[in-house]
Amino acid sequence: MHSLGLKCNEFTFPSVLKACSIEKELFLGKQLHGIVAVTGFNSDVFVANTLVVMYAKCGELLDSRMLFEEIPERNVVSWNALFSCYTQNDFFSEAMCMFHDMIDSGVRPDEYSLSNILNACTGLGDIVEGKKIHGYLVKLGYEYDPFSSNALVDMYAKGGDLKDAITAFEGIVVPDIVSWNAIIAGCVLHECQCQAIDMLNQMRRSGIWPNMFTLSSALKACAALELPELGKGLHSLLIKKDIIFDPFVSVGLIDMYCKCNLIKDARLIYDLMPGKDLIALNAMISGYSQNEADDACLHLFIQTFTQGIGFDQTTLLAILNSAAGLQAPSVCKQVHALSVKSGFLCDTFVINSLVDSYGKCSQLDDAARIFDECPTLDLPSFTSLITAYALLGQGEEAMKLYLKLQDMGLKPDSFVCSSLLNACANLSAYEQGKQIHAHVLKFGFMSDVFAGNSLVNMYAKCGSIEDASCAFFEVPKKGIVSWSAMIGGLAQHGHAKQALHLFDEMLKDDVSPNHITLVSVLYACNHAGLVAEAKKYFETMRDSFGIEPTQEHYACMIDVLGRAGKLDDAIELVNKMPFEANASVWGALLGAARIHKNVQVGQHAADMLFNLEPEKSGTHVLLANIYASVGLWGDVAKVRRFMKNSRVKKEPGMSWIEVKDSIYTFIVGDRSHPRSDEIYAKLEELGQLMAKAGYVPMVDIDLHDVERRQKEILLSYHSEKIAVAFGLIATPPGAPIRVKKNLRICLDCHTAFKFICKIVSREIIIRDINRFHHFKDGSCSCGDYW
C-alpha cells in the first residue's frame, strides 16, 4: 500500500503498529512512527495510544512514557495503554501510581483499567489496595465484568484471603476456564488440596474442559496429598489434550510422581522430555533425593553435568542431601569445591546444607570450619551444626553452641530444641534436659510433635520414665514416633507389661506399628522373660502388620529364647533365618551362652563374631567369662594371651553422673576427682554397712589372677560404684542418683546397689549399655532378669 503511494490514515496506523507490538518489530515501528510524525497523525489520540503500547511492548518503557506525556488530551485508553504495559512488565508500583494520577486527573476508569490494576495489586501482594479497587468495581457497575471478576479471584487468592477469593468466585454468574484456574490455583497455594480437587470435579461437571494450567495446579494437589491414581488420571487427560510435552506440565508430572513414590514413572517422563532444562533436572534430582534414591540422584547429576545443562542452588542442595544419605564425605568435598568455584558458597542455604551434610558424614571438623567461616550466621546454620554434634555424641559441644546462639540474640526453633534434647538423652544429662524443657515451654513449642517426641525420648533415656510418660500424654497428635519412643522407654526401664499394654492402646488408636515399634515390643518381652508373648508378636508381624522381620527382630527373638534357657530353639532360629546372621544375632547367642554357662554354644558364637568383628574386645571378654564360669582357667588364660598378642584392648568401663549441670566421668579405681578422699571414704563406709547387712563380694566374676582380698578391692572400685559414692556426697539427701555406664553392669555391682539403695534410702538408677536398672527398697526393677 505504501509503495503504491497511498496515504495511511488514523485507522491504518493503529493496525500496523499493533502488528509491530505483537511481533516485537521495534525497527519497523520506529519507521512507522516517523511517517506518523511527518503526516501529522501523532496528534490523533488513537494513533498516539497505539504508539505508546508499541514502544512498551518492545521493552522501551521510557520512550513509551515520553510519548504518553506528549498526548494533548489523554482519554482512558491512553492511561490503560501505559499502566497495562507497566503491569505486564512487573512495574506494579509504577502502574499503581499511574492509576492514582488518572483518578486525580478526573478520567473515569473502565473495566479494563480496573482489571489491570487488580493484577498490579496481585503482583504487589497488596490486598488492602485491592479491596479499594473492588470498591471501584462495585461503585462503577463493573462487578460482573468477567475480566475484572477473574482478576478479583486471583488477587484475593494470591493476596492471602482464600475465603474472599471463594466469595468473589461464587459471585461470577458463569465462570470460565480462567475463573476456575484462578480459584483452583488459589486453593493449592493455600494448601487446601482437597478443596482444589473438589473444585476440579465441579468444573468438569459444569462442562468446562481443563487446560494445561488447570491440570498443573491439580497435579500439585495430587503431589501434596500423595494420590497416585488421581495423578495418573490427570496424566491421561494431558495425553488426550496432546500437551504432555509442555515443559511446565512435564515438571509437574515429575514432581507428582516423585512425591507419590513412583520414581520410575517420574524418570520415564523426564526421559521423554524433548528439551530438558535445569528446572526439569532439579525436579528429578530432588525427587531422587527425597525418595532416598541417592545413587540415582548422583548418577543423574554427573550425567547432566557433562552435558552442560548446568546447576543452581537447588541442584546442590539435593546432591548434598543425597551425599549425606550415602555417608559419602568425598562427594561433600567435591560439591564444596564446586560451590567455591561457581560462587554458590556465598549462598546461606548452600552453606547450611554443607554443614548438615558434613555433620551427617561424621566430618565434624569440616562442618565446624564452614560454620566458623560463614559471614552471616543464622538459625539454620546453628541448627545444622547442633544437630550434627548431637547425632555424633558431642552433646557438650551442642550445648556450648546453643549458649552462643542465645548470646547472639537468636530465638531457637523446635528443631534446635529437639536436637538439644537428643544430646541430653545421649549424655543422660537429666538436669540440662529439664532446662531445655523449660525453654520448650518458654518458646511455645509444647504443641510441636518433634519437640514432644524428643522430650519423651530424653526423659526415658535420662532415667525418669514418669517424666517421659507425662511428656508423652502432652504430645497433641501422637504418631508412630511418639508411641515407639514411649513403648521403647517402658521396655528399657523394665516395665514390660505396661509397654505391651501401651502397644495395644496404639493399635486401638489406629496407629500402625513400624519395625522400630516391634523391636521395642520384643525387647520388652525379652527383659521380662515373656517368651510366649514374644513368639506371638514375632510370628505374626508379617501377617498382622505387613512387616518382614529384620536382623534386629531375629536378634531380639534369639535373645528372648537364649535368656529363657531355650538355647536349642535359639540355634534353630539362627539356622532358619532367610539371610546370613549378623553380629547382633551372634552377640545375642553369645550372651545367652554366658548366662547359661554353655561353652560349646559360646565358642561357636564367638568364632562367628571373630570373623565379623575381629577388632571388638567384648567378644573375647564374654568368652573368657564363660570359661571362667565353669572353671576353665587355662582357656581364660589363652583368651587373655590372644588379646595381648593381637593387641585387642578391652574397652575400659566408664561411668558418668550429672551434678549441678556438670557431667563427671569415672573409670575403675579413679582418683582424679578433687573430692577423691571423700569418695573413697564413702565407699569404705558403705562397704562396712553392706557387710553387716549380709553382702558378700562376688569375686568369681573377676578374671584377674590375684588373691581374693585384692579381687574384693578391685570390685569395690568399679566405675559405677565410684560414681554412686560421688552422687551420695554431692547431691541433696533423698534425691535420686542417676548414673550412665558404657558397658553392661557387672553382677557384683548389681548386687551391691540393692544393698546400698536400702542403706541410704535413695533410688539409684543405672543406665548400662542394655537397659535401665532402678534400685529401690533393696530390689531392682529388672527382677534380676537381665
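With an unreviewed UniProt entry as reference, the chain is termed DYW domain-containing protein, source organism Datura stramonium. The UniProt entry for the chain carries the following text under Sequence similarities (unreviewed entry): "Belongs to the PPR family. PCMP-H subfamily."

Trainee: I tried to follow the overall build of the chain on my own but got confused; where do I start?
Mentor: Per the secondary structure count, the chain includes 42 helices and six strands. For 786 residues, the compact-globule estimate of 2.2 N^0.38 gives 28 Å, and the C-alpha radius of gyration of the chain, at 37 Å, exceeds that figure by more than 25%. For the C-alpha atoms alone, the extent of the chain along its principal axes is close to 125 × 55 × 50 Å. Evaluated residue by residue, the chain yields a buried proportion of 50% over its 786 residues. Here the analysis covers contacts within the chain between residues at least 6 apart in sequence; of these, 62% occur between residues at least 24 apart. Carbon and sulfur atoms make up 55% of the accessible area of the chain, which amounts to about 37600 Å² in all. Counting 72 positive and 91 negative side-chain charges, the chain places the centres of these two groups 8 Å from one another.

Trainee: Got a minute to help me understand the environment of Ser 676 in this structure?
Mentor: As for its placement among the helices and strands, Ser 676 is situated in helix 39 (residues 676-693). The residues touching Ser 676, leaving out its near neighbours within four places in the chain, are Asp 670 and Arg 671. A distance of 3.2 Å separates a polar atom in the side chain of Ser 676 from the backbone oxygen of Arg 671. Only 2.7 Å separates the side chain of Ser 676 from the backbone oxygen of His 673, close enough to count as a polar contact.

Trainee: Help me understand the pattern of salt bridges in this model?
Mentor: A pair can form between side chains of opposite charge whenever their charged atoms are brought close. All chains considered together, the criterion is met by 23 salt bridges. A salt bridge links Arg 267 to Asp 271; its shortest N-O distance comes to 3.0 Å. Taken together, the residues Arg 267 and Asp 271, both in helix 16 (residues 263-272) and four residues apart, mark about one turn of the helix. Taking relative accessible area as the criterion, Arg 267 reaches 18% and is therefore assigned buried. The salt bridge involving Asp 366 is made with Arg 369; its shortest N-O contact spans 2.8 Å. Of this pair, Asp 366 and Arg 369 both sit in helix 22 (residues 364-373), three residues apart, roughly one helical turn. Owing to a relative accessible area of 10%, Asp 366 belongs among the buried residues under this scheme. We classify Arg 369 as partly exposed; its relative accessible area is 38%. Sharing partners across several salt bridges, the network here consists of Arg 65, Glu 69 and Arg 74.

Trainee: Mind showing me how you'd approach helix 14 (residues 228-240) here?
Mentor: In an α-helix, one turn spans 3.6 residues, which is why side chains three or four residues apart end up on the same side. Taking 1.5 Å per residue as the helical rise, helix 14 with its 13 residues ought to reach 18 Å, and the 18 Å between its terminal C-alpha atoms agrees with that figure. Buried within helix 14 we find Gly 231, Leu 234, His 235, Leu 237 and Leu 238. When helix 14 is viewed along its axis, its buried side chains cluster within an angular range of 160° and face the same direction. Residues of helix 14 that are exposed and angled more than 90 degrees away from the buried face: Glu 229 and Lys 240. Looking at the packing, one finds that the buried side of helix 14 touches helix 12 (193-205), helix 13 (212-225), helix 15 (247-259) and helix 16. Asp 242 lies just past helix 14 and shows a positive phi near 60°.

Trainee: Help me understand the packing of aromatic side chains in this model?
Mentor: For any pair of aromatic rings, geometry is given as the distance between the ring centres together with the angle between the planes. Inspection of every chain in the model, using the stated rule, returns 25 aromatic pairs. With a centroid separation of 6.0 Å and 50° between ring planes, the pair formed by Phe 311 and Phe 344 is classed as tilted. Taken together, the residues Phe 311 in the loop between helix 18 (294-307) and helix 19 (313-325) and Phe 344 in the loop between helix 20 (329-342) and helix 21 (348-360) connect sequence positions 33 residues apart. Ring centres of Tyr 554 and Phe 579 lie 5.6 Å apart, and the angle between their planes is 85°; this geometry places the pair in the edge-to-face category. With Tyr 554 in helix 33 (residues 551-563) and Phe 579 in the loop between helix 34 (567-576) and helix 35 (583-595), the pair connects residues that are 25 residues apart, well separated along the chain. Given a relative accessible area of 8%, Tyr 554 falls into the buried group. An aromatic cluster is built from Phe 301, Phe 305, Phe 311 and Phe 344, whose rings are joined through pairwise contacts. Just above the ring of Tyr 270 sits the side chain of Lys 276; from NZ or CZ to the centre is 5.5 Å. Taking the ring centre of Phe 472 as reference, the NZ or CZ of Lys 478 above it sits at 5.3 Å.

Trainee: Please explain the side chain of Lys 740 as it appears in this structure.
Mentor: Tracing the sequence through the fold places Lys 740 in strand 3 (residues 737-741). Residue contacts for Lys 740: discarding those within four places in its chain leaves Asn 426, Leu 427, Ser 428, Met 654, Ser 655, Trp 656 and Arg 767.

Trainee: Would you mind going over the packing of helix 7 (residues 111-124) against helix 8 (residues 127-140) with me for this structure?
Mentor: Angle between the axes and distance between the axes: these two values describe a pair of packed helices. Close contact between helix 7 and helix 8 brings their axes to 9 Å; oriented N to C, the two are set at 165°. By the angle between their axes, helix 7 is roughly antiparallel relative to helix 8. Here helix 7 and helix 8 pass one another in a crossing that is left-handed. When helix 7 is examined against helix 8, the residues Leu 114, Ile 117, Leu 118 and Cys 121 are found in contact with a partner set consisting of Glu 129, Gly 130, Ile 133, Tyr 136, Leu 137 and Leu 140. Looking at side-chain class alone, the contact of helix 7 with helix 8 contains eight nonpolar, one polar and one charged residues.

Trainee: When you look at a nonpolar patch on the surface in this model, what are you seeing that I'm missing?
Mentor: Nonpolar side chains collect at one region of the surface, where Met 1, Leu 4 and Leu 6 lie side by side and expose about 350 Å² of accessible area between them. With respect to the helices, strands and loops of the structure, Leu 4 is situated in the segment before helix 1 (12-23). With a relative accessible area of 70%, Leu 4 lands in the exposed category.

Trainee: Sorry if this is basic, but what is going on with the UniProt feature "repeat: PPR" (unreviewed entry) in the chain here?
Mentor: The UniProt feature table records "repeat: PPR" (unreviewed entry) at residues 75-109, 176-210, 378-412 and 479-513. Its end C-alpha atoms 10 Å apart, residues 75-109 is made of 74% helix and 0% strand. The distance from the first to the last C-alpha atom of residues 479-513 is 10 Å, and the span holds 74% helix and 0% strand.

Trainee: Looking at this structure, how should I read the nonpolar core?
Mentor: One recurring pattern in soluble globular proteins is that nonpolar side chains are buried together. Membership of the largest hydrophobic core comes to 221 residues, with the highest contact counts inside it found for Ile 183, Ile 254, Met 284, Ile 386 and Ile 558. If we skip the residues at most four places from it in the chain, Met 284 touches Ile 254, Cys 258, Ile 263, Ala 266, Arg 267, Tyr 270 and Leu 300. Met 690, Ala 752, Phe 753 and Cys 757 belong to the second largest nonpolar core, which has 30 residues in total.

Trainee: I keep staring at the sheet that holds strand 1 (residues 654-659) and nothing clicks. Help me out?
Mentor: Consider a sheet: its strands pair through backbone hydrogen bonds, and that pairing is either parallel or antiparallel. The mixed open sheet is built from six strands, whose spatial order is 2-1-3-4-5-6. Each end of this open sheet is capped by a strand with a single partner; those strands are strand 2 (662-667) and strand 6 (779-780). Examined bridge by bridge, strand 1 and strand 3 share three bridges and lie antiparallel to one another. Residue Ser 655 lies in a different strand from strand 3, and its bridge partner there is Lys 741. Of the strands in this sheet, strand 1, strand 2, strand 3 and strand 4 (764-767) touch helix 41 (residues 719-730), which is tilted by about 15° from strand 1.

Trainee: How do you make sense of helix 6 (residues 92-104) when you look at a structure like this?
Mentor: Here helix 6 is 13 residues long and its end C-alpha atoms lie 19 Å apart, about the 18 Å a rise of 1.5 Å per residue gives. Buried within helix 6 we find Phe 92, Ala 95, Met 96, Met 98, Phe 99 and Met 102. Relative to the axis of helix 6, the buried residues are bounded by an arc of 160° and lie together on one face. The secondary structure elements touched by the buried residues of helix 6 are helix 4 (61-70), helix 5 (76-88), helix 7 and helix 8.

Calculation rules
- Residues numbered from 1 in each chain as written.
- Predicted model: local features only at pLDDT ≥ 70, side-chain atom pairs only at ≥ 80, totals over all residues.
- Heavy atoms only, no water.
- UniProt positions renumbered as here; feature names shortened; annotations may be inferred.
- Helix = DSSP H or I, 4+ residues; strand = E, 2+ residues; numbered from the N terminus.
- Rg over C-alpha atoms; globule rule 2.2 N^0.38 Å.
- Buried < 20%, exposed > 50% of the residue type's maximum accessible area, 1.4 Å probe, protein only.
- Contact = heavy atoms within 4.5 Å.
- Areas by Shrake-Rupley, 256 points an atom, 1.4 Å probe, with all protein chains shown as cover.
- Lys, Arg positive; Asp, Glu negative; His and termini not counted.
- Charge placed at Lys NZ, Arg CZ, Asp CG, Glu CD.
- Polar contact = N/O pair within 3.5 Å; in protein donor to acceptor, adjacent residues only side chain to side chain.
- Salt bridge = Lys/Arg side-chain N within 4 Å of Asp/Glu carboxyl O.
- Expected span 1.5 Å × (residues − 1).
- Arc of directions from axis to C-beta.
- Phe/Tyr/Trp six-rings, centres within 6.5 Å; stacked < 30°, edge-to-face > 60°.
- Lys NZ or Arg CZ within 6 Å of the ring centre and 35° of its normal.
- Axes fitted to C-alpha atoms, helices over the stretch in contact; angles between N-to-C directions.
- Parallel < 35°, antiparallel > 145°, perpendicular 65-115°, else oblique.
- Left-handed = near helix turned anticlockwise from the far one by under 90°.
- Nonpolar A, V, L, I, M, F, W, Y, C, P; charged D, E, K, R; others polar.
- Patch = residues over 30% accessible without salt bridge, like charges linked within 9 Å, V, L, I, M, F, W, Y side chains within 5 Å.
- Core = buried A, V, L, I, M, F, W, Y, C linked by side-chain atoms within 4.5 Å.
- Pairing = 2+ DSSP bridges.

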